[in-house]
Amino acid sequence: MTNAVYTVWLRNMKRYFRSKSRIIGSLAQPLLFLLVLGFGLGSIVTSTSSGGISYLKFVTPGIITMSVLFTSIFSGIQIIWDRQFGFLKETLVAPVSRISIMIGQTLGGATTAIIQGLILFLISLITGGLSFNSGIIIALIFMILIGIGFTAMGIAIASRMRDMQGFQLIMNFVVMPLFFLSGALFPLTNAPAILKTITYLNPLTYGVEGVGTSSINPLISLAVMRGFSLIMIILGAYSFRKMKI
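Model, not experiment: these values are computed from the prediction. (Residues numbered from 1 in each chain as written. Predicted model: local features only at pLDDT ≥ 70, side-chain atom pairs only at ≥ 80, totals over all residues. Heavy atoms only, no water.)

Each pocket or cavity is described by its volume, and for the largest pocket that value is around 470 Å³. As for the largest pocket, its lining consists of 16 residues, and the residues nearest its centre are R22, S26, F70, T71 and F74. Of the residues contributing to the lining of the largest pocket, the split by class is 5 nonpolar, 9 polar and 2 charged. (1 Å grid on protein atoms, 1.4 Å probe; cavity = no way out; pocket = protein on both sides within 12 Å on 5 of 7 lines; lining within 4 Å. Points joined across faces, edges and corners; volume = space filled by probe spheres on them. Nonpolar A, V, L, I, M, F, W, Y, C, P; charged D, E, K, R; others polar.)

If you want it as structure tokens, here you go:
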């Protein structure tokens, strides 16, 4: 099982590093958000409305989370791609369990998402959006949980689909509300009651809180993200095991 997981993970890594356009393209949107929101709106948003810190420092963890979220959940499209070109069928007839293949795909997608997040992390350290301190370790833990959880979610959905365009439409329908209702762009303390309630029901909220300056108890955020990731892995494994070629 270990060899199968490693092989699938390694294939994902090679595909990622060979595609320079994919790396640049995945960074383009988060960098645009960082420039427009962090440096643009940052000049007019008061520190009081952003929790007592500059808006750039407030929004940067959310932008990093966005990069991890988008990269991880859209990695599920690899399942549809492999199915259409016959590679998945060849993989599934190998003498390894489907669970091993699914775990390898999940770890591969999560690893690429974390790499994207770390690149933005380094850029943010240079631009002043983040400071180098002990919170970086905590942020990395949450980035790993976000990557694993949402990669597994993408695989669970992709296992039920055959059309890449349909997958992208559904993912956009899921991802954008998750991001905008995660508190990544606005402080939860200043949000209206109904919006705050919806936000607290969003699992990504706890990931954003863990990566950034937390207004929620970090232990609660950690417990929610661990539970969410575990549920998504179970759901993804079930969907992948039941998938028909």
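Counted under the stated rule, the structure contains 5 aromatic pairs. Residues F150 and F228 carry aromatic rings whose centres are separated by 4.8 Å and whose planes lie at 45 degrees to one another, so their mutual orientation is tilted. In this pair, F150 sits in helix 7 (residues 135-158) while F228 sits in helix 11 (residues 218-242), placing the two residues 78 residues apart along the sequence. (Phe/Tyr/Trp six-rings, centres within 6.5 Å; stacked < 30°, edge-to-face > 60°. Helix = DSSP H or I, 4+ residues; strand = E, 2+ residues; numbered from the N terminus.)

On to the side chain of T112. Mapping T112 onto the fold places it in helix 6 (residues 98-127). By relative accessible area, T112 is classed as buried at 2%. Apart from the residues lying within four places of it in its own chain, the contact partners of T112 are N12, M13, Y16, R22 and T71. (Buried < 20%, exposed > 50% of the residue type's maximum accessible area, 1.4 Å probe, protein only. Contact = heavy atoms within 4.5 Å.)

Tracing the backbone through its elements, the reader meets A139 in helix 7. Residue class for A139 comes out buried when judged on its relative accessible area of 1%. Taking the C-alpha atoms as reference points, A139 and F167, 28 residues apart in sequence, are found 29 Å from one another. Look past the residues within four positions of A139 in its chain and what remains in contact with it is F121, G210 and V211.

This part covers the packing of helix 1 (residues 2-18) against helix 6. Here helix 1 crosses helix 6 at 35 degrees, and the two axes come no closer than 7 Å. Crossing handedness for the pair helix 1 and helix 6: right-handed. Between helix 1 and helix 6, the contacting residues are A4, V5, V8, W9, R11, N12, M13, Y16 and F17 on the first element and S100, I101, I103, G104, Q105, L107, G108, T111, T112, I115 and Q116 on the second. Looking at side-chain class alone, the contact of helix 1 with helix 6 contains 11 nonpolar, 8 polar and 1 charged residues. (Axes fitted to C-alpha atoms, helices over the stretch in contact; angles between N-to-C directions. Left-handed = near helix turned anticlockwise from the far one by under 90°.)

Let's shift gears to the pattern of salt bridges. All chains considered together, the criterion is met by 1 salt bridge. D82 serves as the salt-bridge partner of R11, at 3.1 Å between the closest nitrogen and oxygen. Here R11, found in helix 1, pairs with D82, found in helix 4 (residues 77-84); they are 71 residues apart in sequence, far enough to count as distant. The exposure classification of R11 matches that of D82, with both residues buried. (Salt bridge = Lys/Arg side-chain N within 4 Å of Asp/Glu carboxyl O.)

A word on empty space enclosed by the protein. For the structure on display, the rule yields 1 cavity of 30 Å³ or more. Together, V8, R11, D82, F87, L88, T91, I101 and Q105 line the largest cavity. Where the lining of the largest cavity is concerned, the elements lending two or more residues are helix 1, helix 5 (87-92) and helix 6. Looking at side-chain class alone, the lining of the largest cavity contains 4 nonpolar, 2 polar and 2 charged residues.

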